[in-house]
Amino acid sequence: MKIFLALFILAAIVLFGAPVVKFTRSKLGIEKTPFYGIMFVFIGILFSQTGLNIFTDDVLLQILPIIGFSLGWLGFLITIDFDVRLIKKIDTRDIAYSLLFSGGAFLAVGIGFTLIFGTFLRGFPQSTAWLLAALSVATSPILLRLMIRKERKRSFKIEQLSLITVLGGILGVLVYGIITCFLEQHAWWRNLGLALVIGISSGLFINMMVIGARKHNEMLLFVYGIIFLSSGLSGLLKISPLFVNAITGIVVANSSLKRSRVAAILNEAEQLMMVLIYVLFGALWSVRLENMKQILLPALIIGFIYFLLRYFGKLFGSFLIKIFSGENTFALAGSLLCQTSVLFAALIDFRMLGASSAFIMNRLFLALFVSVLVAMPAARYFMEAYLKKDFQRNV
Amino acid sequence: MFEFIGFFFISLVGYLTFFSARFSNGSLVTFAVGFLLLDGYLLGRLLFKIKLPKLTGYIVVGILFGPYVFGFLTHQTVEKLRMIDDLALSVIALSAGGELRLNQLKEDSKVLISITVVQTLGMFAIITGLVYALAPAIGFLKEMNAIRILGVAMIFGIVLVTKSPSTTIAMISELKAKGKFTEIVLGITILKDVIVILFFALIFFLSKKIFLTDNLAENNLLLVLFTELFGSFLAGGVIGWLLIVYLKRNIPYVSLFILGVLFFVSKFAPLIHLNILLIFIMAGFIVENFTPLGTHLLRIVDRSSLIIYVLFFAVAGASLNLIALKETWLLALIIVGIRLFAVWSSTLAGSVLAKAQDSIRKYSWMGFISQAGVGLGLAILVERTFPGWGADFKTTILAIIAINQIVGPVLFKYALIKSGDARAIS
């Protein structure tokens, strides 16, 4: 019975959540704050084991096909634009910036938490530090989209920021996927190899199938069918469906004749899937209220340090850019602090892989949620500074 | 060629995966959804090339890889996949309602009523009579007295009167059939669905009087069914109005909204004893006939219906009980033969009475052969209510449904092509 209730709730949130959240935001006078999606996380928490206990472990097991599919879908969507032919046309400077900002964050968070977990917070294994490092790479375009939605003209800076954000998202998924393969040290080559084999063969299979697919519903069947198939297979083999489908996306982006149609199919479900990912992120919380005290403090510390290290890493990237090219990119670096869907999806994915204990996962969920809440206004502040001249009055 | 390669490739991946997975967990179900979607559709396309319905391909994939033949899917996995059933029925019913046009129904009312009534009563009488006559040869009826045999024969009669509206609608959708023949078959299918529910209640009531001496709440049965019918129509009206409001506003992601409503209602309606098929037929009917938005609605539903059809029929195929077929194949085959005769003769009589056009007289009976969910649901109800012979009854009905569900779509495709209504035949 609980499973039906859980499915009802998911359907109701997806159907009516957006207008309700919009109404609430307008009533609270916070419609311009960049926390639109975050509301859905709170709704998820309300129904989680921490709240009304609807999303029990048993229910989560039963809705695993929905979770697996949504993760696979996101991985595919993120990399479907990763066309090497288009990348070649991009200014190499922008690619270098993206790599430096991402690399800086990765190293700062990885090294920083290795030290912290080795000295202060000893309950965490060292591998968690590198998981956090991998998660720090991803950037979210949602804040930028929100900020520039009323802009009629796209300036160079907006284009540059969009591009670096998108590249950050792609890099984030790929680095996360590779790191999850390496977390299982004795079988990293097996995990990586399997992810590549499944991802590449799924991509080639889609390419072959969509050649003969003339109608929209046939395309939909092939694309969704392969996401279900590869996500299920990944789950059985304990590898990340997010990563596997990201590989599929790269293969399709670079070799399919109908790449844009596949991308359109994926884009159709964007609102639904994003809401689902946000809600699931909240719903997966399994902290009992009586244990909250023990979790809250370390989670807050980790979350805040994660934010600072990530910012520091990006500043380090800016510093290197300043040395080599003389360009001041400190505001640009700060604009890249926003993290939402990819981070949430990666955490859901990691929890589904079952590679870490509930002790660690509960703390990570809270810590990274805190970091997202802190990062959003910070990123907005830097973005406004970076795009100051481009913004019109209504921003 | 690519269908064949694809089918082979997915089957191989399925073989390697299903037999390596140690238990049926959520990831296996996720994999099974993808497997059935891809393999079902590819086999459907392969069979289409040899003039068989695609739908048969979806069902055959379910049968082949289900628990009874190659055993890729376990009973447990199939049971989990059956969560799609209600959603699929909702999509199918909404499409059906959207295809019903009031002015057309008025125009054809004589034919519709004549065939529906004559077919329902004729099939019931012929099947009941012949099962009664064959009783000495049917194992579980041998020991019963005449009145009890009549009771069971009547239940056989009413359960075998049912047909699968979902198969009819899916075939019409697959062949993009349009025309008078299609309208009439669809109209009868829906009308019959309503009549069968009422008729079954009556027969069930009588059978309980015959078999069960203890006072069950049967007096409430008619009231409950009355409420179910009218409640469903009322709910359908409300949902139809909701859909109109949403469609008029031209809000983005309308297809997701409709799918969400379908899912929501399909899970909620059975809890308050409402009939999903009737609700969505009514909703589709209202949108089609009281606004100009019907075509828009059908186009939206059609965009995602293929996935739902393939999965629904593949799961239906995997659920077909082949053990039952093996155990009772001779009896099942005889009853299938009787039913075929009953459908043909009663439909012919109804169409002659109404002076229906030639194609209806000749081919419409082929649209009423397939059986699935409704028949199965009634058989399960019978098994639960009559523990003594109910299990044997259900086994026989399952075997009959298995045959009808394979033969039915093939015959209906032939009928749609012969009537000239099928457009997507190549």
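The shown structure was predicted, so the numbers you read here are calculated from the model rather than taken from an experiment.

What counts, and where the lines are drawn
- Residues numbered from 1 in each chain as written.
- Chains lettered and ligands numbered in written order.
- Predicted model: local features only at pLDDT ≥ 70, side-chain atom pairs only at ≥ 80, totals over all residues.
- Heavy atoms only, no water.
- Helix = DSSP H or I, 4+ residues; strand = E, 2+ residues; numbered from the N terminus.
- Rg over C-alpha atoms; globule rule 2.2 N^0.38 Å.
- Buried < 20%, exposed > 50% of the residue type's maximum accessible area, 1.4 Å probe, protein only.
- Contact = heavy atoms within 4.5 Å.
- Areas by Shrake-Rupley, 256 points an atom, 1.4 Å probe, with all protein chains shown as cover.
- Lys, Arg positive; Asp, Glu negative; His and termini not counted.
- Charge placed at Lys NZ, Arg CZ, Asp CG, Glu CD.
- Domains from an automatic or database assignment.
- Buried area = accessible area lost by both parts, 1.4 Å probe.
- Salt bridge = Lys/Arg side-chain N within 4 Å of Asp/Glu carboxyl O.
- Polar contact = N/O pair within 3.5 Å; in protein donor to acceptor, adjacent residues only side chain to side chain.
- Nonpolar A, V, L, I, M, F, W, Y, C, P; charged D, E, K, R; others polar.
- Axes fitted to C-alpha atoms, helices over the stretch in contact; angles between N-to-C directions.
- Parallel < 35°, antiparallel > 145°, perpendicular 65-115°, else oblique.
- Left-handed = near helix turned anticlockwise from the far one by under 90°.
- pLDDT = per-residue confidence, 0-100.
- Expected span 1.5 Å × (residues − 1).
- 1 Å grid on protein atoms, 1.4 Å probe; cavity = no way out; pocket = protein on both sides within 12 Å on 5 of 7 lines; lining within 4 Å.
- Points joined across faces, edges and corners; volume = space filled by probe spheres on them.
- Patch = residues over 30% accessible without salt bridge, like charges linked within 9 Å, V, L, I, M, F, W, Y side chains within 5 Å.

Per the secondary structure count, chain B includes 18 helices and zero strands. Since a compact globule built from 426 residues should have a radius of gyration of about 22 Å, the 21 Å found for chain B is in line with a globular shape. Viewed in the frame of its principal axes, chain B has a C-alpha envelope of about 60 × 55 × 45 Å. Across the 426 residues in chain B, those meeting the buried criterion constitute 60%. Considering only contacts in chain B between residues 6 or more positions apart, those separated by 24 or more positions represent 82%. Accessible surface, chain B: about 17100 Å² in total, of which carbon and sulfur atoms supply 68%. Taken as two groups, the 34 positive and 22 negative side-chain charges of chain B have centres that lie 5 Å from each other.

A few words on the domain arrangement of chain B. Residue and element names in this part refer to chain B. The domain boundaries assigned to chain B delineate domain 1 (2-81) and domain 2 (85-419). Across the contact, 23 residues belong to domain 1 and 25 residues belong to domain 2. When residues of domain 1 are sorted by the area they lose upon contact with domain 2, Leu55, Tyr58 and Tyr68 head the list and together hold 30% of the total. Applying the counting criterion to the domain 1 and domain 2 interface returns zero salt bridges. Inspection of the region where domain 1 meets domain 2 yields three residue pairs in polar contact (both at pLDDT 80 or more). Taken together, the elements giving at least two residues each to the side of domain 1 that touches domain 2 come down to α2 (26-49), α3 (54-65) and α4 (75-81). Tallying contributions element by element places α3 first for the side of domain 1 that touches domain 2, with seven residues. Taken together, the residues of the side of domain 1 that touches domain 2 sort by class into 17 nonpolar, four polar and two charged.

Turning our eyes to something else, we now look at the side chain of Asn217 of chain A. The topology assignment puts Asn217 of chain A in helix α11 (residues 216-237). Judged by relative accessible area, Asn217 of chain A falls into the buried class, the value being 11%. Excluding anything up to four places from it in sequence, Asn217 of chain A contacts Asp302, Arg303 and Leu306 of chain B.

Before going further, it helps to examine the packing of helix α6 (residues 92-119) of chain A against helix α9 (residues 156-183) of chain A. Residues and elements named next belong to chain A. Packing of α6 against α9 brings their axes to within 9 Å, and their N-to-C directions diverge by 45°. Taken together, the axis directions place α6 and α9 in an arrangement best described as oblique. For the element pair α6 and α9, the recorded crossing hand is right-handed. Residues Arg93, Asp94, Ile95, Tyr97, Ser98, Leu99, Phe101, Ser102 and Phe106 of α6 form the contact with α9, whose participating residues are Phe156, Gln160, Leu163, Ile164, Leu167, Gly168, Leu171, Val175 and Ile179. Each residue belonging to the contact of α6 with α9 can be placed in one class, and the counts come to 12 nonpolar, four polar and two charged.

Its identity as a non-glycine residue notwithstanding, Lys238 of chain A has a phi of 60°, on the positive side. Its relative accessible area of 48% is what places Lys238 of chain A among the partly exposed residues. Its identity as a non-glycine residue notwithstanding, Lys355 of chain B has a phi of 55°, on the positive side. Its location among the elements puts Lys355 of chain B in the loop between α15 (322-353) and α16 (358-363). Residue class for Lys355 of chain B comes out exposed when judged on its relative accessible area of 67%.

Looking now at the confidence of the model for chain B. On average, residues of chain B carry a pLDDT of 82, and 93% of them reach 70 or more. In the model of chain B, helix α17 (residues 373-385) of chain B stands out as the element of lowest mean pLDDT, 71, in contrast to α2 of chain B, which has the highest, 91.

A few words now on the packing of α9 of chain A against helix α10 (residues 188-212) of chain A. All names here are of chain A. Between α9 and α10, the least distance of the axes is 7 Å, while the angle of their chain directions is 145°. The chirality of how α9 crosses α10 is right-handed. Judged by residue contacts, Ile178, Cys181 and Phe182 of α9 engage Trp188, Asn191 and Leu192 from α10. Classifying every residue of the contact of α9 with α10 gives five nonpolar, one polar and no charged.

Attention now moves to helix α14 (residues 270-283) of chain A. Residue and element names in this part refer to chain A. Taking 1.5 Å of rise per residue, 14 residues should cover 20 Å, and α14 covers 20 Å from first to last C-alpha, within 8% of that figure. Counting buried positions over the 14 residues of α14 gives 12, a clear majority of the element. Every buried residue belonging to α14 is among Glu270, Met273, Met274, Val275, Leu276, Ile277, Tyr278, Val279, Leu280, Phe281, Gly282 and Ala283, and all of these are buried.

Within this structure, the stated rule accounts for seven cavities of 30 Å³ or more. The computed volume of the largest cavity comes to approximately 200 Å³. Taken together, 15 residues form the lining of the largest cavity, with Asn217 of chain A together with Lys54, Ser173, Glu174 and Leu306 of chain B sitting closest to its centre. When contributions to the lining of the largest cavity are tallied by element, the ones reaching two or more residues are α11 of chain A together with α3, α9 (165-174) and α14 (294-319) of chain B. Here the lining of the largest cavity takes four residues from α14 of chain B, the largest share from any one element. Counted by class, the lining of the largest cavity contains six nonpolar, three polar and six charged residues. Looking at which domains feed residues into the lining of the largest cavity, each of domain 1 (2-81) and domain 2 (85-419) of chain B gives three or more.

A separate point is a positive patch on the surface. A grouping of Arg214 and Lys215 of chain A together with Lys176 and Arg423 of chain B is seen on the molecular surface, where their side chains present a positively charged patch. Considering the arrangement of structural elements, one finds Arg214 of chain A in the loop between α10 and α11. Note on Arg214 of chain A: relative accessible area 73%, which makes it exposed.

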